[in-house]
Amino acid sequence: MRATARAQPNIALIKYWGKRDTNRNLPAVGSISMTLSELHTEMCVELDVSLDEDVLVVNGVENPGLRPRVQSCLDHVLGAGRSRARITSTSNFPVAAGLASSASAFAALVVAAAAAAGQSRTTAELAALAGQASGSAARSLYGGFVELRNRDDDIDVRSLRPGSEWPLSVVIAITTADAKPVGSGAAMEISRRTSPFYARWIDQQETDLADARNAIAARNFAQLAAVAEHNCLKMHSVMWASRPPIVYWNSVTLSCMRAVRELQAAGVGVFFTIDAGPQVKAVCLPDNELRVRDELASVAGVAEVMTSGLGDGAALVGAACPG
Ligand code: DP6
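A few points on the structure. (Residues numbered from 1 in each chain as written. Predicted model: local features only at pLDDT ≥ 70, side-chain atom pairs only at ≥ 80, totals over all residues. Heavy atoms only, no water.)

A few points about the sheet that holds strand β13 (residues 270-273)
If you trace the four strands from one edge of the open sheet to the other, you get β13-β14-β12-β15, paired in antiparallel fashion. At either end of the open sheet lies a strand with only one pairing partner, and these are β13 and β15 (304-308). Here the strands of the sheet are splayed against their neighbours by 20° on average, with no regard to which way each runs. Strand direction decides the pairing type here: strand β12 (residues 169-174) and strand β14 (residues 280-284), joined by five bridges, are antiparallel. Considered in β14, the bridge of V170 is made with V283. Where helix α7 (residues 251-265) meets the sheet, it contacts β12, β13 and β14, and its direction lies at approximately 160° from that of β13. (Pairing = 2+ DSSP bridges. Helix = DSSP H or I, 4+ residues; strand = E, 2+ residues; numbered from the N terminus. Axes fitted to C-alpha atoms, helices over the stretch in contact; angles between N-to-C directions. Contact = heavy atoms within 4.5 Å.)

Description of the nonpolar core
Grouped together as the largest cluster of nonpolar side chains are 41 residues, with contacts concentrated most on V45, I87, L109, V110 and L141. Filtering out sequence-adjacent residues up to four positions away, I87 remains in contact with M43, C44, V45, D54, V55, L56, V57, V70, L74 and L109. Judged by nonpolar contacts, the second largest core, of 36 residues, contains A173, V238, I246 and L296. (Core = buried A, V, L, I, M, F, W, Y, C linked by side-chain atoms within 4.5 Å. Buried < 20%, exposed > 50% of the residue type's maximum accessible area, 1.4 Å probe, protein only.)

Here we look at the packing of α7 against helix α8 (residues 289-297)
Remark: α7 packs on α8, axes separated minimally by 10 Å, with the N-to-C direction vectors making an angle of 140°. Relative to α8, the element α7 is oriented oblique. You can see that α7 and α8 cross each other, and the crossing is right-handed. Along the contact surface, α7 presents C256, A259, V260 and L263, while α8 presents R291, V292, E295 and L296. (Parallel < 35°, antiparallel > 145°, perpendicular 65-115°, else oblique. Left-handed = near helix turned anticlockwise from the far one by under 90°.)

Brief notes about the site of the ligand
Lining the immediate environment of the ligand, one finds 18 residues, of which Y16, K19, S134, G135 and S136 sit closest. Here an oxygen atom of the ligand sits 2.6 Å away from a polar atom, N or O, in the side chain of S136. For the ligand, an oxygen atom lies 2.8 Å from a polar atom in the side chain of R139. Protein coverage of the free-state accessible area of the ligand, which is 460 Å², stands at 92%. With three residues, the single largest contributor to the shell around the ligand is helix α4 (residues 184-194). Its residues assigned to classes, the shell around the ligand shows six nonpolar, seven polar and five charged. Each of domain 1 (2-164) and domain 2 (165-308) accounts for three or more of the residues forming the shell around the ligand. (Near = heavy atom within 4 Å. Polar contact = N/O pair within 3.5 Å; in protein donor to acceptor, adjacent residues only side chain to side chain. Areas by Shrake-Rupley, 256 points an atom, 1.4 Å probe, with all protein chains shown as cover. Nonpolar A, V, L, I, M, F, W, Y, C, P; charged D, E, K, R; others polar. Domains from an automatic or database assignment.)

Side note on the pairing of β12
Note on strand geometry: in a regular strand, side chains alternate between the two faces of the sheet. For β12, the buried fraction is high: six of the six residues fall into the buried class. Neither face of β12 is open: one carries S169, V171 and A173, the other V170, I172 and I174, and all of them are buried. The pairing of β12 with β15 spans five bridges and is classified as antiparallel. Bridge assignment links V170 to a residue of β15, and that residue is S308.

Notes on the environment of L168
Locating L168 in the fold gives a position in the loop between β11 (154-161) and β12. Judged by relative accessible area, which is 2%, L168 ranks as buried. With 115 residues separating them along the chain, L168 and V283 place their C-alpha atoms 6.9 Å apart. In this view, L168 contacts M34, F145, F221, L224, V283, C284, L285, P286, S308, G309 and L310; residues no more than four positions away in its chain are not counted.

Printed below as a string of structure tokens:
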């Protein structure tokens, strides 16, 4: 009745922003991401009939604030009549700061919960369940380059190519470890209702997806860099034009973007992407990783720099609980 799973966050190259069904948390657009190797969340789920209520401990501290989302995810995986659970989560990176902590958390949670209950579910089923909890989490069930497509009233997630076939590096500049002001789910709804650019964003997504898919198939770094930066800046333009405006960046975010531009001007193969937070993720060819890392670490205000390669999808790691 106990299982532990580990999942890695993913970095979106072509972003999910907007929902077509808020009840089932279905995305309005498809997306393409890369699953990381070095950052991870471990989730232990212990089903316990003697518990009166679920207990959630995140990085050693009880967290009643995050509990409702976790409970509803467990209800979906195990059914509403399920036993109560003790859920223990540990991550080796800052949570809720735009590093996709919900992606790795919910991907690990569905895998651990299904195993704790003795269910045998397919990866596609687990991805759909994770996506119901957090759209981006569906992608962390798979490794390497991953595409999430919309299917009638569902999603379809698959690996486009394993990371070992195109081992890019990701350098993450942490510009602040503070939690973000607005969660991405709520912010997407503000954009859908108020941004004058939202409809164009939806219309153009298929073109960006096809461009990125082709770039990944051909391992064409320049092509991937161009479409990923374009898609990222377009998503943030949708947010900025929302009412109230949604601005996740800080001045250090902009300094990091400038540092990446300077590296590009010097001929270094690197591009930036930014999700719903102020951190800058610089994607580069492995040979350039040290240079990109040094450059971002020297930007005034950068608190920490992390590096990662591409990793695998969520998996069970055993029955012991972390921490
Ligand atoms: C900007 O997956 O966190 O990172 O489904 O509401 O939980 P919910 O949203 P979430 O949104 C991620 C948005 C993004 C882009 C992306 O990861 O594709």
